[in-house]
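# Fold and geometry: a report
Here are the chains, one letter per residue:
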Amino acid sequence: MALDDAAGPDPVDIAIGARMRLRRKSLGISQGALADQIGVSFQQVQKYERGANRVSGSTLVAVAAALDTTVGWLVGEEGAISDAADEIVQALAMSGAVDLLEAFVDIPKASARTALVALAREMAVQRSS
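These remarks concern the structure in this document. Quick caveat: nothing in here was measured; it's all calculated off a predicted structure.

Moving on, we get to the packing of helix α2 (residues 31–38) against helix α3 (residues 42–50). Taken N-terminus to C-terminus, the directions of α2 and α3 make an angle of 105°; their axes are 8 Å apart at the nearest point. Judged by the inter-axis angle, α2 sits roughly perpendicular to α3. Across from Gln31, Gly32, Leu34, Ala35 and Ile38 in α2, the residues of α3 making contact are Phe42, Val45, Gln46, Tyr48 and Glu49. Taken together, the residues that form the contact of α2 with α3 break down as six nonpolar, three polar and one charged.

What follows is the structure, given as structure tokens:
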């Protein structure tokens, strides 16, 4: 089957985009700033991060340099990354996930953190019902 015939983004492109977003967010770099560094529009960076557009090899090298990482890390080849770790990377790449985690870490009371987790789980159950 040709790649163009696939229904939706390729899982590899989604995983690369998730790692791009996670690394960019962890460095505090905006999509616009990354776009300027690699010579594309910020909309293109958005598409890369969603996996909607495939990142070319030369652009992948530029992204790795701009994000001070390696192409190997961006494509999930560096180190023994388990499926569980890959799922965590993809989850953290979701919009707001890193912000939520940073806020969670700053909550001083363990009981408040527990309540927040219970609330999130309840909301997730309601969504799937």
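Right, let's get into α2. Among all positions in α2, only Gln31, Leu34, Ala35 and Ile38 are buried. When α2 is viewed along its axis, its buried side chains cluster within an angular range of 100° and face the same direction. More than 90 degrees from the buried face of α2, the exposed residues found are Asp36 and Gln37. Structurally, α2 contributes buried residues whose contacts are with α1 (11–27), α3 and α4 (57–66). Immediately beyond the C-terminal end of α2, within one or two residues, lies Gly39, with a positive phi of roughly 80°.

Procedures and definitions
Residues numbered from 1 in each chain as written. Predicted model: local features only at pLDDT ≥ 70, side-chain atom pairs only at ≥ 80, totals over all residues. Heavy atoms only, no water. Axes fitted to C-alpha atoms, helices over the stretch in contact; angles between N-to-C directions. Helix = DSSP H or I, 4+ residues; strand = E, 2+ residues; numbered from the N terminus. Parallel < 35°, antiparallel > 145°, perpendicular 65-115°, else oblique. Contact = heavy atoms within 4.5 Å. Nonpolar A, V, L, I, M, F, W, Y, C, P; charged D, E, K, R; others polar. Buried < 20%, exposed > 50% of the residue type's maximum accessible area, 1.4 Å probe, protein only. Arc of directions from axis to C-beta.

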